[in-house]
Amino acid sequence: MRIDIVSIFPEYFAPLDVSLLGKARRRGVVDVRVHDLRDWTHDRHRTVDDTPYGGGPGMVMKPEPWGEALDAIVPPGTPAVPRLVVPTPSGRPFTQAQAVAFAAEPWLVFACGRYEGIDSRVVEEARQRMPVDEVGIGDYVLAGGEVAVLVIVEAVSRLLPGVLGNADSVTDDSFAPGAMETLVEGPVYTKPPVWRDRAVPEVLLSGDHGAIARWRRDQALRRTVVHRPELAAKIDPDTLDADDRRV
Ligand SMILES: Nc1ncccc1[N+](=O)[O-]
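All figures in this text were calculated on a predicted structure; none of them were measured in a lab.

Caption draft 1: Expanded view of the packing of helix H3 (residues 96-103) against helix H5 (residues 146-157). It is the contact of H3 with H5, at a shortest axis distance of 8 Å, that shows an interaxial angle of 70°. Judged by the angle between their axes, H3 and H5 are roughly perpendicular. Note on packing geometry: the crossing formed by H3 with H5 is right-handed. Side by side, H3 and H5 meet where Ala-99, Phe-102 and Ala-103 of the first sit next to Ile-152, Ala-155 and Val-156 of the second. Tallied by class, the residues present in the contact of H3 with H5 amount to six nonpolar, no polar and no charged.

Below, the structure is given as structure tokens:
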């Protein structure tokens, strides 16, 4: 997978060189290219924003640098086009299902705007020649899209083959499509079996995989009901067995 990121703060993406993603980049599983939007400005101050038409606080990012940046990264007439992903508070909620969909894409381009946003004509024009996803990572306000891109790139890249050591750990993720779609994960434990007088739940040491799976699902249901009632409400009652209903 190729990932291009355009930002006025390219240094924000240094973290993409560490840990799993760093390994994946070195292995060639993912090719991440970070671009400085100011490389497509032509004035002495390398201006990328201006005051909003219609008045109002803050600044809006000018369309010209973005148009030139996207043309340079995705030259018009290129047969293969990427999905353009624009993190914005006004976007569709970014979910695990969306991460799975993005992970199947050969090429993603991320446009990091300031919170006040990028001149809307940029997305309008881009839509003429590539799919555009305006996504949000939460109902709160960040100063720009950079942190959201770090979140999305991490959620997507860990799904790519060869990035996570143990591919299985993806299938039983919270929110993973399928059985865990609307469940969050339950508690996890490791050695020692007793720590500060607190013992690991017996069932996990029993070796009875059926009982362990039931216990884990039970705990996931409980945690979902407590932490995410709105997700619990979505659980199809027909998929609950007698044990589940006890929760
Ligand atoms: N919440 C956000 N605030 C600013 C930019 C992008 C954002 N987001 O959620 O993608």
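Let us keep going from here.
Caption draft 2: Looking closely at the sheet that holds strand E1 (residues 2-7). The strand order E2-E1-E6-E5-E7 describes an open sheet built from five strands, whose pairing is parallel. Since the sheet does not close on itself, it has two edges, and those belong to strand E2 (31-36) and strand E7 (132-136), each with one partner. Pairwise comparison of adjacent strand axes, ignoring direction, gives a mean angle of 30° for this sheet. Strand direction decides the pairing type here: E1 and E2, joined by six bridges, are parallel. Bridged to Ile-3 within E2 is Val-32. Of the strands in this sheet, E1, E2, strand E5 (83-93) and strand E6 (107-111) are in contact with helix H2 (residues 63-73), which crosses E1 at around 160°. Packed on one face of the sheet, H5 meets E1, E5, E6 and E7 and runs near 160° to E6.

Caption draft 3: Local environment of the domain arrangement of the protein. Structurally, the protein comprises domain 1 (2-157) and domain 2 (172-246). Each of domain 1 and domain 2 has a C-alpha centre, and these two points are 36 Å apart.

Caption draft 4: Representation of the nonpolar core in the model. Grouped together as the largest cluster of nonpolar side chains are 27 residues, with contacts concentrated most on Ile-5, Phe-110 and Val-156. For this core, the element with the most residues is H5, which contributes six residues. If near-sequence neighbours (up to four positions away) are discounted, Ile-5 is found in contact with Phe-13, Leu-16, Val-32, Arg-33, Val-34, His-35, Phe-110, Cys-112 and Val-149. Val-74, Leu-84, Met-130 and Val-132 belong to the second-largest nonpolar core, a separate cluster that totals 22 residues.

Caption draft 5: Examining the site of the ligand more closely. In the vicinity of the ligand, the contacting residues are Pro-87, Thr-88, Pro-89, Val-135, Gly-136, Ile-137, Gly-138, Tyr-140, Leu-142, Gly-144, Gly-145 and Ala-148. In this structure, Ile-137 approaches the ligand through a main-chain N or O atom, which is 2.8 Å from an oxygen atom. Contacts to the ligand include Leu-142, whose backbone N or O atom sits 3.0 Å from a nitrogen atom. If the ligand stood free it would expose 270 Å²; the protein chains cover 99% of that surface.

Caption draft 6: Inspection of a nonpolar patch on the surface at higher detail. Nonpolar side chains collect at one region of the surface, where Phe-9, Tyr-12, Val-147 and Val-151 lie side by side and expose about 310 Å² of accessible area between them. Mapped onto the fold, Phe-9 is located in the loop between E1 and helix H1 (19-27). Residue classification places Phe-9 among the partly exposed residues on the basis of a relative accessible area of 36%.

Caption draft 7: How the structure looks around the pattern of salt bridges. Evaluated as defined, the whole model comprises 13 salt bridges. Sharing partners across several salt bridges, the network here consists of Asp-49, Arg-114 and Glu-116.

Caption draft 8: Here's a closer look at the pairing of E1. Within E1, five of the six residues are buried, which leaves the element mostly enclosed by the surrounding structure. Where E1 lies against E6, five bridges are found, and the strand directions are parallel. Bridge assignment links Val-6 to a residue of E6, and that residue is Ala-111.

Caption draft 9: Inspection of the confidence of the model for the protein at higher detail. Residue-level pLDDT values for the protein average 91, and 93% of them are 70 or greater. Predicted complex metrics record ipTM = 0.99 and pTM = 0.90.

Caption draft 10: Local environment of the layout of surface pockets. By volume, the second largest pocket amounts to about 340 Å³. Lining the second largest pocket are 25 residues, and of these Val-86, Pro-87, Thr-88, Pro-89 and Ser-90 lie nearest its centre. Counting residues per element, the ones that place at least two in the lining of the second largest pocket are E5, helix H4 (120-126) and E7. Counting residues per element, the lining of the second largest pocket draws most heavily on E5, which supplies five residues. Tallied by class, the residues present in the lining of the second largest pocket amount to eleven nonpolar, nine polar and five charged.

Scoring rules and cut-offs
Residues numbered from 1 in each chain as written. Predicted model: local features only at pLDDT ≥ 70, side-chain atom pairs only at ≥ 80, totals over all residues. Heavy atoms only, no water. Axes fitted to C-alpha atoms, helices over the stretch in contact; angles between N-to-C directions. Helix = DSSP H or I, 4+ residues; strand = E, 2+ residues; numbered from the N terminus. Parallel < 35°, antiparallel > 145°, perpendicular 65-115°, else oblique. Left-handed = near helix turned anticlockwise from the far one by under 90°. Contact = heavy atoms within 4.5 Å. Nonpolar A, V, L, I, M, F, W, Y, C, P; charged D, E, K, R; others polar. Pairing = 2+ DSSP bridges. Domains from an automatic or database assignment. Core = buried A, V, L, I, M, F, W, Y, C linked by side-chain atoms within 4.5 Å. Buried < 20%, exposed > 50% of the residue type's maximum accessible area, 1.4 Å probe, protein only. Near = heavy atom within 4 Å. Polar contact = N/O pair within 3.5 Å; in protein donor to acceptor, adjacent residues only side chain to side chain. Areas by Shrake-Rupley, 256 points an atom, 1.4 Å probe, with all protein chains shown as cover. Patch = residues over 30% accessible without salt bridge, like charges linked within 9 Å, V, L, I, M, F, W, Y side chains within 5 Å. Salt bridge = Lys/Arg side-chain N within 4 Å of Asp/Glu carboxyl O. pLDDT = per-residue confidence, 0-100. 1 Å grid on protein atoms, 1.4 Å probe; cavity = no way out; pocket = protein on both sides within 12 Å on 5 of 7 lines; lining within 4 Å. Points joined across faces, edges and corners; volume = space filled by probe spheres on them.

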